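# Survey of secondary and tertiary structure
Here are the chains, one letter per residue:
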Amino acid sequence: MVIFIYDKTFDGLLTAVFDAYSYKKFPDILLGEGETLPLFYDESFTVTTDSERSERVWKGLQKKLSVPALSQLTTCWLSELPEIDLLLFRYIRKTIDAPRSIELNFGDPDVLELSKVFKQVKNERLRVIQFLRFQKAADGTYFAALKPLYNVLSLVIPYLQDRFADQKWLLYDLKREYGYYYDLTTVTEVHFEQKEGHLLTGFLDESIMDQDEKLFQQLWQTYFKTIAIKERLNPKLHRQNLPARFWKYLTEKRG
Amino acid sequence: MDESVLNKLKILAESAKYDVSCASSGTSRSHKKGQIGSAEGWGICHSFAEDGRCISLLKIMLTNNCIYDCAYCINRRSNDLPRATFSVTELVNLTIEFYRRNYIEGLFLSSGVVRNPDYTMERLVRVVKDLRQVYKFNGYIHMKSIPGASQELVNEAGLYADRMSVNIEIPNEQSLQLLAPEKDFQSVFTPMRFIQQGMLQSAEDRKKYRHAPRFVPAGQSTQMIVGATPDKDKDILHLTSALYKRPSMKRVYYSGFVPVNAYDHRLPALKQPPLIRENRLYQADWLLRFYNFKVDEIVDDSYPDLDLEIDPKLAWALRHPEAFPIDVNRADYEMLLRVPGLGVKSAKMIVTARRYSRLGTAQLKQIGVVLKKAQYFITCHELPTKTVNELKPENVRRILTQRTNRKIDDGQLIIPFDFIN
Ligand code: SF4
């Protein structure tokens with residue numbers, strides 16, 4: 001059994017691919033730095049992330065894969081699933097070894113599996129786009145927070161930039177404790193040392209809300225309740241379309 | 001903005017909610033630098049109401065006062081219900097503020113008719129014009145065209161709206177006149193024609209001048225109420241199919257009749273809206289639009305109504321066992337689409353996957369094809385050959401409907417997105 005140890009970054013993974021081909025050894029297990037090694041193994045290598053090497057692997061992939069297939073790799077990485085790195089490693093290796101792109105060969109279990117993960121991450125991105133709710137703060141910034149299943153915030157930013165170009169906003173991931181802030185010109189990734197109430201709860205305290213915020217929340221809650229046709233109530237479909245795990249942060253479900 | 005708006009919102013959303021069209025798709029009004037809104041890509045559902053339906057647009061009436069007395073409408077003048085009217089500013093503000101909070105994709109604006117059609121239409125136009133010109137709003141706008149409004153006003157509205165609609169409501173002119181004495185087909189088809197003319201004109205102009213303004217880029221839609229009159233599915237679907245022949249008609253919606261005015265004996269007393277029938281009509285509609293079915297293949301004089309027990313594609317297949325089985329390893333994409341249980345996605349997957357290897361049941365399942373219905377209509381590598389021809393259509397039907405009693409109940413409303421498989 002061969003073990004590679006790397007820094008659990010995407011660049012690190014690509015470097016590991018590069019190293020594997022130079023040593024002609026391929027990992028059965030990928031571990032993060034500091035993770036416990038299994039009791040028995042044959043060899044272990046420590047990968048030092050190197051942007052030049054990772055770049056070369058990426059360039060190689062660009063020659064073999066279509067643009068959507070490439071974005072599938074980076075998107076699946078954001079799933080943070082326990083063995084996603086090993087799956088990606090195998091996929092990349094098959095891509096390098098095959099004479100033509102494997103991306104549509106769904107008979108291959110790795111290709112199929114990766115396409116499933118891809119779908120899940122994309123779904124989560126869509127749900128964040130659907131269900132994120134801004135609250136307006138007194139200083140004019142619009143604040144939204146939620147706990148996405150996967151690390152999809154970065155995938156949501158283009159959507160926000162398109163729509164909300166003339167307002168300041170902060171989209172925050174409560175689980176991973178970081179966010180993106182837009183100041184009317186650029187978007188920056190932000191981390192906060194000190195976490196105030198709303199960075200923990202996801203809700204602005206009334207003392208720092210814009211004066212009309214409460215009213216608009218009430219208006220939206222009223223609208224939500226009114227628009228359902230009583231003769232057609234369908235709690236099952238409602239739940240299926242609007243997963244309960246989002247309810248906590250949905251303005252209309254808090255009314 | 002103050003609390004009084006809250007009350008108006010309640011009244012005017014209540015009055016608007018029976019219009020079922022909600023989609024915000026089919027346009028490409030892209031964002032502009034430094035402005036608010038974008039209506040690019042597919043319509044997004046920002047929430048789902050407790051009836052399970054998508055909430056994408058702020059669906060609202062400018063006023064629920066109306067001089068007309070349509071029997072099927074909650075807002076008819078003879079109803080005693082709370083009435084309200086938004087000011088243009090209130091409605092514009094509400095739209096913008098909801099949009100800024102990511103509650104909605106845009107606005108779906110309709111109105112009762114006050115004073116006269118042109119007066120009403122003019123107010124509606126002011127709302128959408130302000131949104132576009134004063135607030136530089138690039139989100140989605142769907143606007144109802146008021147029957148009887150002048151062509152000039154329709155032409156102006158079309159410059160700001162992404163989509164416009166005029167509801168037919170009743171698929172047969174006599175029934176329509178019985179229930180809505182102030183309306184006839186003319187009053188519906190005239191504004192539809194105005195919209196179409198506007199679109200064609202703009203397409204012409206844009207050939208000459210690239211920057212000529214666009215006119216309702218997402219086309220027009222309409223709605224028919226199902227189950228308020230004795231009309232057959234055949235009548236409804238023939239009308240639908242004729243409407244889709246017009247280039248501007250993008251969607252026909254079907255709305256299971258909700259007896260809002262139970263006292264009116266011109267209307268049937270239904271215990272529940274006919275949701276299954278509504279769902280079957282949407283499925284038939286999909287067959288027309290995406291599966292290359294002709295309307296006569298779905299309903300005809302021998303089968304004037306859709307089968308409530310099975311979906312229209314399965315119904316067609318059972319009437320035409322001679323067209324099956326289909327070999328999934330060789331059949332054209334078009335033929336794959338005719339197989340019950342195979343949707344557009346599955347058909348595409350099959351075409352792709354069979355380039356790499358011959359497909360058997362295992363491979364089909366692996367790529368996500370559901371064989372429950374399809375198995376009786378296909379052959380593949382090693383599937384046992386118990387197809388519809390050996391089993392006989394009536395038996396396939398029995399097998400496939402055996403357990404569906406329960407299903408019919410909780411299948412209440414399936415949203416017409418991707419349920420035709
Ligand atoms: S004109 Fe429209 S709002 Fe007025 S009663 Fe008829 S359907 Fe209702």
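None of these values were measured; they are calculated from a predicted model.

As a further point, take the overall build of chain A. What chain A contains, in helices and strands, is nine helices and eight strands. Seen along its three principal axes, the alpha-carbon backbone of chain A occupies a region of about 65 × 45 × 40 Å. Considering chain A as a whole, with its 255 residues, one finds that 52% of them fall into the buried category. Long-range contacts, defined here as pairs at least 24 residues apart, represent 67% of the contacts in chain A between residues at least 6 apart. Only carbon and sulfur atoms are counted for the fraction: they give 52% of the accessible area of chain A, which is about 12400 Å². Taking the 35 positively charged and 36 negatively charged side chains of chain A as two groups, their mean positions are separated by 8 Å.

Along its length, chain B carries 17 helices and 10 strands. What you see for chain B is a C-alpha radius of gyration of 23 Å, in line with the 22 Å of a compact globule of 421 residues. By its C-alpha atoms, chain B is 70 × 55 × 40 Å across when sized along the principal axes. Within chain B, the fraction of its 421 residues that count as buried is 59%. Expressed as a percentage of contacts within chain B between residues at least 6 apart in sequence, the contacts between residues at least 24 apart total 69%. Of the roughly 17700 Å² that chain B leaves accessible, carbon and sulfur atoms contribute 51%. Each charge sign in chain B was given a centre, from 59 positive and 48 negative side chains, and these centres are 5 Å apart.

With that settled, consider the site of the ligand. In the vicinity of the ligand, the contacting residues are Cys66, Tyr68, Cys70, Cys73, Arg76, Gly112 and Lys183 of chain B. Residues that form the shell around the ligand fall into these classes: four nonpolar, one polar and two charged.

All names here are of chain B. What the six strands build is an open sheet, ordered S3-S4-S5-S6-S7-S8; its pairing is parallel. Strand pairing shows two members of the sheet lacking a second neighbour, strand S3 (57-61) and strand S8 (249-256), which therefore form its edges. Neighbour-to-neighbour, the strand axes of the sheet open up by a mean angle of 20°, direction not taken into account. Summarising the sheet, strand S7 (residues 220-226) and S8 pair through seven bridges and their orientation is parallel. Considered in S8, the bridge of Gln223 is made with Tyr253. Set on the sheet, helix H6 (residues 185-208) makes contact with strand S6 (163-165), S7 and S8; between it and S7 the angle comes to about 155°. Contacting S7 and S8, helix H8 (residues 275-290) crosses the sheet at an angle of about 165° to S8.

To continue, consider the pairing of strand S1 (residues 2-6) of chain A. Consecutive side chains of a regular strand alternate in pointing toward one face of the sheet and then the other. Residue and element names in this part refer to chain A. Counting buried positions over the five residues of S1 gives five, a clear majority of the element. On S1, burial covers both faces: Val2, Phe4 and Tyr6 on one face and Ile3 and Ile5 on the other are all buried. With four bridges connecting them, S1 and strand S3 (residues 43-46) associate as parallel partners. Pairing of Ile3 across the sheet is with Ser44, part of S3. Taken together, S1, helix H1 (residues 10-23) and strand S2 (residues 29-32) form a β-α-β motif whose crossover is right-handed.

On to the interface of chain A and chain B, then. In this assembly, 50 residues from chain A lie in contact with 57 residues from chain B. Across the chain A/chain B interface, buried area totals approximately 5300 Å², and carbon plus sulfur atoms make up 58% of it. Between the two partners, chain A and chain B, sit five salt bridges. Between Arg100 of chain B and Asp166 of chain A there is a salt bridge, with the nearest N and O atoms lying 2.9 Å from each other. Those elements giving two or more residues to the side of chain A that touches chain B turn out to be helix H5 (109-131), helix H6 (153-163), helix H8 (213-227) and helix H9 (235-241) of chain A. Tallying contributions element by element places H8 of chain A first for the side of chain A that touches chain B, with 12 residues. The class makeup of the residues in the side of chain A that touches chain B is 24 nonpolar, 13 polar and 13 charged.

Burial of nonpolar side chains together is a common tendency in soluble globular proteins. Ranked by size, the top nonpolar core spans 201 residues in total, and within it Leu73 and Leu160 of chain A together with Ile60, Phe98, Met121, Leu237 and Phe377 of chain B carry the most contacts. In terms of residue count, H5 of chain A provides more of this core than any other element does, eight residues in total. Aside from chain neighbours lying at most four places away, what touches Ile60 of chain B is Leu9, Leu12, Ala13, Ala16, Phe86, Leu91, Leu107, Phe108, Leu109 and Ser110 of chain B. Among the nonpolar cores identified, the runner-up in size contains seven residues, and Phe131 of chain A together with Cys45, Phe48 and Cys54 of chain B belong to it.

On to the sheet that holds strand S7 (residues 178-182) of chain A. Residue and element names in this part refer to chain A. Taken together, five strands build an open sheet; the order of strands is S4-S5-S6-S7-S8 and the sheet is mixed. Both edges of this open sheet fall to strand S4 (135-136) and strand S8 (187-190), since each of them pairs with a single strand only. The sheet contact formed by strand S6 (residues 169-173) and S7 spans five bridges and is antiparallel. Bridge assignment links Leu170 to a residue of S7, and that residue is Tyr181. Packed onto the sheet, H6 meets S6, S7 and S8 and runs at close to 160° relative to S6.

All names here are of chain A. Split into domains, chain A comes out as domain 1 (2-123) and domain 2 (132-249). The centre of domain 1, based on its C-alpha atoms, is set 34 Å off from the matching centre of domain 2. For the pair domain 1 and domain 2, the summed buried surface comes to about 570 Å²; carbon and sulfur atoms form 59% of the total. Per-residue buried area on domain 1 facing domain 2 is highest for Leu78, Glu80 and Val121; these three make up 68% of the total on that side. Applying the counting criterion to the domain 1 and domain 2 interface returns one salt bridge. Measuring nitrogen to oxygen at the nearest pair gives 3.0 Å for the salt bridge that ties Glu80 to Arg176. At the boundary of domain 1 with domain 2, the tally comes to four residue pairs in polar contact (both at pLDDT 80 or more). Among the residues forming the side of domain 1 that touches domain 2, the class breakdown is three nonpolar, three polar and one charged.

Rules used throughout
- Residues numbered from 1 in each chain as written.
- Chains lettered and ligands numbered in written order.
- Predicted model: local features only at pLDDT ≥ 70, side-chain atom pairs only at ≥ 80, totals over all residues.
- Heavy atoms only, no water.
- Helix = DSSP H or I, 4+ residues; strand = E, 2+ residues; numbered from the N terminus.
- Buried < 20%, exposed > 50% of the residue type's maximum accessible area, 1.4 Å probe, protein only.
- Contact = heavy atoms within 4.5 Å.
- Areas by Shrake-Rupley, 256 points an atom, 1.4 Å probe, with all protein chains shown as cover.
- Lys, Arg positive; Asp, Glu negative; His and termini not counted.
- Charge placed at Lys NZ, Arg CZ, Asp CG, Glu CD.
- Rg over C-alpha atoms; globule rule 2.2 N^0.38 Å.
- Near = heavy atom within 4 Å.
- Nonpolar A, V, L, I, M, F, W, Y, C, P; charged D, E, K, R; others polar.
- Pairing = 2+ DSSP bridges.
- Axes fitted to C-alpha atoms, helices over the stretch in contact; angles between N-to-C directions.
- Right-handed = clockwise from strand over helix to strand, strands pointing away.
- Buried area = accessible area lost by both parts, 1.4 Å probe.
- Salt bridge = Lys/Arg side-chain N within 4 Å of Asp/Glu carboxyl O.
- Core = buried A, V, L, I, M, F, W, Y, C linked by side-chain atoms within 4.5 Å.
- Domains from an automatic or database assignment.
- Polar contact = N/O pair within 3.5 Å; in protein donor to acceptor, adjacent residues only side chain to side chain.

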